[in-house]
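Chain residues, written in single-letter form:
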Amino acid sequence: QVQLAESGGGLVQAGDSLRLSCVASGGGFRVYHMGWFRQAPGKEREFVATITWSGENPKYADSVKGRFAISRDGAKNTIYLQMNSLKPEDTAVYYCAADPMGVPRLTSGSAYWGQGTQVTVSL
């Protein structure tokens, strides 16, 4: 029953940076592995990055590897996505996800999702 709230999206130019935040609340005594996903217009939602509840084992999609970094602040129940060298192809709604059973996956019935935050990268 965890609630997720994303923030930090906006309109930027190619090459700029943004940092997204996701605050989790209402999770009780459960621990959650968390991650970021995105959905561009006309495309399926896709994996961006995941991280364990303890802030270890970060994983990235090939398309963002070397440019994006996921991190976690356990005391604040918050994860971040630092996005550098943004490209127009990064334009999408970015969603935060949490899953008590393992790293979030699009097909997992145990995953919880936020409402999303819009990232738009212009030329």
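Relevant structure appears above.
What you are looking at is a predicted structure, and each value in this text was computed from that prediction instead of being measured.

Thresholds applied
- Residues numbered from 1 in each chain as written.
- Predicted model: local features only at pLDDT ≥ 70, side-chain atom pairs only at ≥ 80, totals over all residues.
- Heavy atoms only, no water.
- Disulfide = S-S within 2.5 Å.
- Helix = DSSP H or I, 4+ residues; strand = E, 2+ residues; numbered from the N terminus.
- Buried < 20%, exposed > 50% of the residue type's maximum accessible area, 1.4 Å probe, protein only.
- Polar contact = N/O pair within 3.5 Å; in protein donor to acceptor, adjacent residues only side chain to side chain.
- Contact = heavy atoms within 4.5 Å.

Side note on the state of the cysteines
Then step 1. Taken as a whole and assessed by the stated rule, the structure comprises one disulfide.
Then step 2. Between the sulfur atoms of C22 and its disulfide partner C96 the distance amounts to 2.0 Å. Between C22 and C96, the S-S torsion sits near -80°, and that sign places the bridge as left-handed. Residue C22 is found in strand 3 (residues 18-25), and its partner C96 is found in strand 9 (residues 92-99); the two are separated by 74 residues along the sequence. Of the two residues, C22 and C96, neither departs from the other in class, the shared state being buried.

Thoughts on the side chain of D90
Then step 1. Within the secondary structure, D90 sits in the loop between strand 8 (78-83) and strand 9.
Then step 2. Residue classification places D90 among the buried positions, given a relative accessible area of 1%.
Then step 3. Within the structure, D90 has its side chain in polar contact with the side chain of R67 (distance 2.8 Å).
Then step 4. Those residues in contact with D90 that sit more than four places away from it in its chain are R38, R67, F68, S85, V119 and V121.

Read these as spatial facts, not as claims about activity.
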